[in-house]
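# Tertiary structure, described
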Amino acid sequence: MSRSYADLPLHYGQVPPWLYQRMSKLGVAIVEAIVLDYGKSAVLQRLSDPFWFQALGCVLGMDWHSSGITTSVMGALKRSVNERSKELGIYICGGKGKYSRETPAELIRIAEKTGLNGDLLVRSSKLSAKVDNTAIQDGFQLYLHSFILTNEGEWAVVQQGMNDATSTARRYHWHSPTIASFVEEPHTFIYGPNQGQIINITDKKADTTRNGILKLTKEDPERLLPEIRKLVMPTHHDVKAKDVDLKRLGSVLAVAYQKEHLDMESLLLLEGLGPRTLQSLVLVSEVIHGTPSRFEDPARFSFAHGGKDGHPFPVPTKVYDEAIQTLENAVQRAKLGNSEKSEAIKNLAKAARQLEKDFQPNNNFEQLIEKERNESWKYGGRTVMGKAKPPKQKPNDGQLQLF
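None of these values were measured; they are calculated from a predicted model.

### Some remarks on the layout of surface pockets
Size it by volume and the largest pocket reaches roughly 710 Å³. In terms of lining, the largest pocket is formed by 26 residues, of which the most central are G13, Q14, T71, S72 and K96. Put simply, the parts of the chain that give the lining of the largest pocket at least two residues each are helix 4 (68-82), strand 2 (90-96) and strand 4 (141-150). Of the residues forming the lining of the largest pocket, the biggest block, six residues, is contributed by helix 4. When the residues that make up the lining of the largest pocket are grouped by side-chain class, the tally is 11 nonpolar, 11 polar and four charged.

Written out as structure tokens, the structure reads:
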């Protein structure tokens, strides 16, 4: 079995209300946009991709590399998506700690509303947790279990375990269409640090062990989609140039600050938005419309709305609010049959991808972060430590030719 791991440093603390509310609003707007353009299954498929999930957390303003992304993103989505479940056809159950134990009861209630097989959903939830907590003995104990399902019965699981001894976390991703068996390589991805030799009876090579344990089992489980990608999240808290695809980030900034790369129709439909909001919307657009290969450097997406801890810069709340309003407006107009503004947002990601082909970045990455921090106060910048203040010395005026 080809396994993939990545570090998630354990972080503790609470998400401040001013950020959590915005995460909920932008999160459900992104989900709704995906449902409108690609369908409910696409939401579950993306949630089962750890690279996309990490990028989503960054766009929502969470710490770009820590374990807290999982808890906070799933909590914010559960709050906002479930308020719209009847309309979206998507439900989120479970959560952290005691909320994970409420998953069976939540699934039964949803089954009663939708006509789904509640017992089968509960069984799937329990088995996915058992596999990651017991069948795979990798030193991580589960403390979060989120079960996401559609009103058609398709489901995904995002769950996370912690290892106190190493101060690391591991996130596990499941998606029901890829699962032929719960006992042989059921995951779409396992996201955590390499711990060396572990006990994993879901490994394909452990079939002899499983057959010895499960003597009464006649089923011969088939191999599923292997884990083929590796993502290592570093322990350093700041975002460094090596964490980001500078060519991709540079094309984002070029689209935002040099609007000639956009077609005239998109410019007119996005009229009134400043370059800083366009920068955020380009990255939001890519989260909605990007292909899996676009999320291999999730740290890049922290340049949409910064991070609550101030890395790479404080959360620009005014920009965040304008991005939410623009996306919400585009989604509502698309639902009424007027999709021009939604297409204009999609074109932001297209323009960045087109520009990226011949883009040559320079070495001004640190200046970009300094510029964002110096100007943060203009955009309502905030961190868990308070509001951003103007710099003591006036920053150098003029457009920063970053890339």
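Having seen the structure, we can now continue with the description.
### Some thoughts on the environment of Y20
By secondary structure assignment, the location of Y20 is in helix 1 (residues 17-38). On the basis of relative accessible area, Y20 is assigned to the partly exposed category, the value being 23%. Distance from Y20 to G61, taken between C-alpha atoms, is 9.3 Å for residues 41 residues apart in sequence. Apart from the residues lying within four places of it in its own chain, the contact partners of Y20 are V15, S72, G75, A76 and R79.

### Describing the sheet that holds strand 9 (residues 315-316)
Hydrogen bonds between backbone groups are what pair the strands of a sheet, and the pairing can be parallel or antiparallel. In space, the three strands of this open sheet follow the order 9-10-11, with antiparallel pairing throughout. Because the sheet does not close on itself, it has two edges, and the strands there are strand 9 and strand 11 (386-387). Summarising the sheet, strand 10 (residues 381-383) and strand 11 pair through two bridges and their orientation is antiparallel. Within the sheet, the bridge partner assigned to R382 lies in strand 11 and is K387.

### Some thoughts on the nonpolar core
Of all hydrophobic cores here, the largest spans 81 residues; its most connected members are M23, L26, I30, F303 and L327. Top contributing element to this core by residue count: helix 1, with 11 residues. With residues near it in sequence (within four places) discarded, M23 still touches V15, L60, M62, S72, V73, A76 and Y320.

### Quick look at the environment of F313
Summarising the element assignment, F313 is placed in the loop between helix 12 (302-305) and strand 9. Not counting residues up to four positions away in its chain, the partners in contact with F313 are R276, S302, F303, H305, G306, G307, E372 and R373.

### A closer look at the side chain of S100
Its location among the elements puts S100 in the loop between strand 2 and helix 6 (103-114). Polar side-chain contacts of S100 include one of 2.5 Å to the backbone oxygen of G97. Among residues more than four places away in sequence, those in contact with S100 are G94, G95 and H145.

### A look at the packing of helix 3 (residues 50-59) against helix 11 (residues 275-289)
Packed helices, taken two at a time, are described by their axes: the angle between them and the distance between them. At a minimum axis distance of 10 Å, the contact between helix 3 and helix 11 shows a crossing angle of 150°. Taken together, helix 3 and helix 11 sit at an angle that is classed as roughly antiparallel. You can see that helix 3 and helix 11 cross each other, and the crossing is left-handed. Contacts from W52, A55, L56 and V59 of helix 3 reach helix 11 at L283, V284 and V287.

### Quick word on unusual backbone geometry
Look at the link from H311 to P312: it is a cis peptide, with omega at 0°. Take P312: it is sitting in the loop between helix 12 and strand 9. The phi dihedral of S167 is positive, around 55°, even though this residue is not glycine. Following the sequence through the fold, S167 ends up in the loop between strand 5 (155-163) and strand 6 (168-175).

### Re the pattern of salt bridges
Here the structure, examined in full by the defined rule, presents 19 salt bridges. In this structure, E152 and K40 form a salt bridge, with 3.3 Å as the shortest nitrogen-oxygen distance. On the criterion of sequence distance, the pair formed by E152 in the loop between strand 4 and strand 5 and K40 in helix 2 (residues 40-47) is long-range, its members being 112 residues apart. On the accessibility criterion, K40 (18% relative accessible area) is buried. Connected via shared salt-bridge partners are D245, R248, E286, R294, D297, R300 and E356.

### What to know about the packing of aromatic side chains
The relative placement of two aromatic rings is captured by the distance of their centres and the angle of their planes. Inspection of every chain in the model, using the stated rule, returns four aromatic pairs. Taking 5.2 Å as the distance between ring centres and 25° as the angle between the ring planes, the aromatic pair formed by F147 and W155 counts as stacked. Taken as a pair, F147 and W155 share a single burial class, namely buried. When the centroid spacing of 5.7 Å and the interplanar angle of 65° are considered together, the rings of F303 and F365 count as edge-to-face. Here the residue F303 occupies a position in helix 12, and F365 occupies one in helix 15 (residues 365-375), the gap between them amounting to 62 residues. For the pair F303 and F365, a shared accessibility class is recorded, and that class is buried. Members of the aromatic cluster, joined through ring pairs, are F303, F313 and F365.

Definitions and limits used
- Residues numbered from 1 in each chain as written.
- Predicted model: local features only at pLDDT ≥ 70, side-chain atom pairs only at ≥ 80, totals over all residues.
- Heavy atoms only, no water.
- 1 Å grid on protein atoms, 1.4 Å probe; cavity = no way out; pocket = protein on both sides within 12 Å on 5 of 7 lines; lining within 4 Å.
- Points joined across faces, edges and corners; volume = space filled by probe spheres on them.
- Helix = DSSP H or I, 4+ residues; strand = E, 2+ residues; numbered from the N terminus.
- Nonpolar A, V, L, I, M, F, W, Y, C, P; charged D, E, K, R; others polar.
- Buried < 20%, exposed > 50% of the residue type's maximum accessible area, 1.4 Å probe, protein only.
- Contact = heavy atoms within 4.5 Å.
- Pairing = 2+ DSSP bridges.
- Core = buried A, V, L, I, M, F, W, Y, C linked by side-chain atoms within 4.5 Å.
- Polar contact = N/O pair within 3.5 Å; in protein donor to acceptor, adjacent residues only side chain to side chain.
- Axes fitted to C-alpha atoms, helices over the stretch in contact; angles between N-to-C directions.
- Parallel < 35°, antiparallel > 145°, perpendicular 65-115°, else oblique.
- Left-handed = near helix turned anticlockwise from the far one by under 90°.
- Salt bridge = Lys/Arg side-chain N within 4 Å of Asp/Glu carboxyl O.
- Phe/Tyr/Trp six-rings, centres within 6.5 Å; stacked < 30°, edge-to-face > 60°.

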